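A structural walkthrough
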Amino acid sequence: MQLLKRVKKLNSTECLGVLAVSLVLLVASGCQEQPAEMGDRGATERATQGANREGVVALEILDDEKVFSEYAGSESCRECHQEAFDKWHQSNHGMAERLPDLEADGEAFRATLAFVHGGGKTIPKTEGDQLWLEENRQGREPETYGVERVIGHDPLRQYLINLGKGRLQAMEAAYDPHRKDWFLVYEDDRQPGDWGHWTGRGMNWNAMCASCHNTRYRKHYDPVEDSYASTFAEMTVGCESCHGPMANHVQWQAEHPQATGDPHVAAFEPAQMMQNCAPCHSRRSELTGEFEPGDAYFDHYHLTVPDESDLYYPDGQVRDEVYVYTSFMSSKMHAAGVTCMDCHDPHTQQIRQTGNALCLRCHSGGYPNSPIIKPAEHTFHAPGSEGDSCLGCHMPHTTYMQRHPRRDHGFTIPDPLLTKKHGTPNACNRCHTDKDADWALAYVESWYGDRMDRDTRSRAEAVFAVREGRELGWKPVVEWMESDEASGFWKAVGANLLERWTFEPRVLDVLVSLIDHPNPLVRANAVQSLTDLPPDAALTVRA
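Okay, so let's go over this structure.

Rules used in this analysis
- Residues numbered from 1 in each chain as written.
- Predicted model: local features only at pLDDT ≥ 70, side-chain atom pairs only at ≥ 80, totals over all residues.
- Heavy atoms only, no water.
- Helix = DSSP H or I, 4+ residues; strand = E, 2+ residues; numbered from the N terminus.
- Buried < 20%, exposed > 50% of the residue type's maximum accessible area, 1.4 Å probe, protein only.
- Areas by Shrake-Rupley, 256 points an atom, 1.4 Å probe, with all protein chains shown as cover.
- Disulfide = S-S within 2.5 Å.
- Pairing = 2+ DSSP bridges.
- Phe/Tyr/Trp six-rings, centres within 6.5 Å; stacked < 30°, edge-to-face > 60°.
- Lys NZ or Arg CZ within 6 Å of the ring centre and 35° of its normal.
- Expected span 1.5 Å × (residues − 1).
- Arc of directions from axis to C-beta.
- Contact = heavy atoms within 4.5 Å.
- Axes fitted to C-alpha atoms, helices over the stretch in contact; angles between N-to-C directions.
- Left-handed = near helix turned anticlockwise from the far one by under 90°.
- Nonpolar A, V, L, I, M, F, W, Y, C, P; charged D, E, K, R; others polar.
- Core = buried A, V, L, I, M, F, W, Y, C linked by side-chain atoms within 4.5 Å.
- Salt bridge = Lys/Arg side-chain N within 4 Å of Asp/Glu carboxyl O.

Things to note about the overall build of the protein chain
Within the protein chain, the secondary structure is distributed over 26 helices and 17 strands. Looking at the protein chain residue by residue over its 543 residues, the buried ones come to 49%. For the protein chain, the accessible surface area stands at approximately 26700 Å², while carbon and sulfur atoms represent 51% of it.

A look at the state of the cysteines
Two cysteines whose sulfur atoms are joined by a covalent bond form what is called a disulfide. The final tally for this structure, using the stated rule, is one disulfide. The partner cysteine of Cys-212 in its disulfide is Cys-280, sulfur to sulfur 2.4 Å. Here Cys-212 and Cys-280 share a disulfide; its torsion about the S-S bond, -95°, makes the bridge left-handed. Taken together, the residues span a long stretch of sequence, with Cys-212 in helix H8 (residues 210–213) and Cys-280 in the loop between helix H11 (270–277) and strand E14 (284–286) at a distance of 68 residues. Given a relative accessible area of 23%, Cys-212 falls into the partly exposed group. Take Cys-239: it sits in no disulfide, and the sulfur closest to it among the cysteines is that of Cys-77, at 3.8 Å. Classification of Cys-239 by relative accessible area gives buried; the value is 16%. Of all cysteine sulfurs in the structure, the one in Cys-340 sits closest to Cys-277, which takes part in no disulfide; the separation is 4.1 Å.

Quick look at the pairing of strand E5 (residues 143–151)
As paired elements, strand E1 (residues 97–98) and E5 share two bridges and run antiparallel to each other. Bridging from a neighbouring strand, Glu-97 pairs with Ile-151 of E5. As defined by bridge partners, strand E4 (residues 130–137) adjoins E5 across four bridges and the pair is classed as antiparallel. For Trp-132, the partnering residue across the bridge sits in E5 and is Gly-146.

Here's the deal with the packing of aromatic side chains
Scanning all chains against the criterion turns up 20 aromatic pairs. Relative to Tyr-217, the ring of Trp-205 has its centre 5.7 Å away and its plane inclined at 75°; by these criteria the two rings are edge-to-face. Within this pair, whereas Trp-205 is found in helix H7 (residues 205–208), its partner Tyr-217 is found in the loop between strand E10 (214–215) and strand E11 (221–222), the two being separated by twelve residues in sequence. Each of the two residues, Trp-205 as well as Tyr-217, counts as buried. Grouping aromatic residues by their ring pairs yields a cluster made of Phe-291, Tyr-297, Phe-298, Tyr-301 and Tyr-325. Across from the ring centre of Phe-183, 4.2 Å away, lies the NZ or CZ of Arg-403, which sits over that ring. Over the face of the ring belonging to Trp-490 we find Arg-459, whose NZ or CZ atom lies 3.7 Å from the ring centre.

Focus on helix H20 (residues 437–448)
Over its twelve residues, H20 extends 16 Å from the first C-alpha to the last, a length consistent with the 16 Å expected when each residue adds 1.5 Å. Buried within H20 we find Ala-437, Ala-440, Leu-441, Val-444 and Tyr-448. Axial view of H20: buried residues confined to an arc of 100°, hence all on one face. Buried-residue contacts for H20 involve helix H16 (375–378), helix H18 (416–422) and helix H19 (427–431).

Notes on the packing of helix H22 (residues 474–482) against helix H24 (residues 505–513)
For any two helices packed against each other, the geometry is given by the interaxial angle and the distance between the axes. At a minimum axis distance of 11 Å, the contact between H22 and H24 shows a crossing angle of 35°. Along this stretch, H22 crosses H24, giving a crossing that reads as left-handed. Of the residues in H24, those touching H22 at Trp-474, Val-478, Glu-479, Met-481 and Glu-482 are Arg-506, Val-507 and Val-510. Of the residues contributing to the contact of H22 with H24, the split by class is five nonpolar, no polar and three charged.

Describing the pairing of E4
Across eight bridges, strand E3 (residues 120–127) lies against E4 in antiparallel orientation. Bridging across to E4, Ile-123 finds its partner in Glu-134. Taken together, E3 and the strand that follows it, E4, pair antiparallel across an intervening segment of two residues, in which Gly-128 is found at a positive phi of about 65°. In this structure, the hairpin formed by E4 and E5 is closed by a connection of five residues, where Gly-139 is found at a positive phi of approximately 80°.

Considering the nonpolar core
Where a protein is soluble and globular, its nonpolar side chains tend to be buried together. Judged by nonpolar contacts, the single largest core of 42 residues is most densely connected at Leu-303, Trp-480, Met-481 and Leu-498. Here the element with the most residues in this core is helix H23 (residues 488–497); it accounts for six residues. What Leu-498 contacts, discounting residues up to four positions off in sequence, is Trp-474, Val-477, Val-478, Met-481, Val-507, Leu-511 and Ser-529. By size, the runner-up hydrophobic cluster in this structure holds 32 residues, among which are Leu-131, Val-150, Leu-184 and Phe-232.

A few points about the pattern of salt bridges
Overall, the coordinates contain 28 salt bridges when judged by the stated rule. Arg-218 is the partner of Asp-64 in a salt bridge, and the nearest nitrogen-oxygen pair spans 3.0 Å. Taken together, the positions of Asp-64 in helix H4 (residues 64–68) and Arg-218 in the loop between E10 and E11 put the pair 154 residues apart, joining distant regions of the chain. Between Arg-137 and Glu-135 there is a salt bridge, with its nearest N and O atoms 3.8 Å apart. Residue Arg-137 shares its accessibility class with Glu-135, and that shared class is buried.

Honestly, that's just the spatial picture; any functional story needs more than this.
The following block contains the structure:
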């Protein structure tokens with residue numbers, strides 16, 4: 001089958017990626033809209049506006065006045081949506097970013113809370129209504145910085161400092177409102193000049209924090225001056241961060257106070273609602289900077305997935321700070337149609353029920369095709385214990401920024417054999433730290449028997465083989481991709497892992513076959529792997 005025929009289903013994001021790496025095979029194929037089920041509400045039109053016949057994409061850059069005129073602000077929602085507003089207002093979204101306030105922050109800025117760390121001493125203090133952080137580093141004169149903004153709410157708060165040229169930086173000193181103390185957000189004591197030091201680009205608010213702490217953020221970076229003129233429609237994660245711009249809705253409702261059926265309000269499908277969450281709950285490369293709710297995620301971002309790096313463990317468990325969307329997409333929950341809102345209240349962000357009750361809503365026969373779980377028979381642990389917890393075993397948490405525990409949303413199955421062979425963590429030994437993997441393996445094999453030898457284990461083995469660089473490492477990857485067990489997500493992972501083996505005919509056939517796959521991540525990763533195709537192989541494919 002000819003490669004050029006298959007290229008026609010690439011969306012705008014994939015075409016942008018292809019053009020960026022000069023994949024000549026795709027020239028003249030053009031960009032086409034994603035399938036409607038992916039939830040595109042105009043992103044592709046914006047991305048491809050002005051595309052010429054060769055498929056070169058010209059993005060329309062709208063000015064702030066035009067963009068922000070479509071937004072009404074969260075306060076405009078209160079009158080008609082008081083209950084939802086009250087839930088949101090004090091949530092982590094509602095408090096994602098704000099101006100410093102002596103009443104809210106005064107307790108943290110008592111000089112008696114000064115703390116000593118490896119590089120020196122940080123002293124929080126107030127002068128009138130202004131909050132200050134004084135930094136004393138060994139061998140340097142003390143420096144005092146005024147606090148411009150506060151980002152984060154629970155379980156920690158960071159403070160933004162203005163270092164000029166529109167550049168805001170997240171201070172290394174963070175405050176824990178539960179313990180009521182200050183701490184260093186990173187494990188090591190970084191030095192000025194380091195990329196990850198609070199004055200460096202790794203802690204730059206404009207590039208690293210702002211888009212997910214504000215509504216309709218626009219970076220406005222000037223590479224010539226190395227400066228920012230960043231703007232946003234509303235400070236913090238407002239109603240329109242998730243519902244989209246609502247100025248027309250507010251105006252229409254004011255003109256029709258007793259009416260329903262506003263034509264300006266789009267009803268999002270479940271898949272669209274989840275893609276509205278994804279930009280700020282995923283580790284990804286940003287491609288356009290122009291995402292709006294209702295747009296297709298993959299028209300604006302390229303998602304980071306388990307690969308040859310150590311961001312994820314071979315079985316897909318999180319390792320580095322990768323957030324939750326990739327993990328969730330990797331799960332059987334996602335493949336079965338479960339969405340974020342099935343478990344989380346969208347306005348409070350809290351889970352809808354506590355303990356095992358949340359999971360048993362579906363796993364007690366209430367959801368079609370969902371395995372029925374009887375905890376007393378399934379967990380082999382005392383009722384109410386940590387070992388009896390669904391979350392404890394299938395959503396273990398990892399602590400980031402020293403004080404922020406986050407659960408793995410891959411819903412993985414503990415497998416001590418992978419721990420023994422490859423060092424992959426398992427929930428059993430996370431809890432039973434005084435025992436080894438052999439001890440845990442003996443128990444799970446006695447409890448679950450042959451069920452432990454499942455596709456997730458063989459897939460992890462395949463990922464590990466690629467990471468080791470084994471000569472025939474491509475074979476198990478191709479085998480899992482050709483199986484009926486592989487979801488679209490795991491096919492995308494496999495397509496990415498096969499990049500170094502495009503000289504193998506079977507690998508080439510698999511990658512080419514994926515170019516018209518319905519999942520945009522699969523298509524994008526297949527094309528990415530084909531960019532290193534040798535010229536003679538490319539000619540063979542085109543023939």
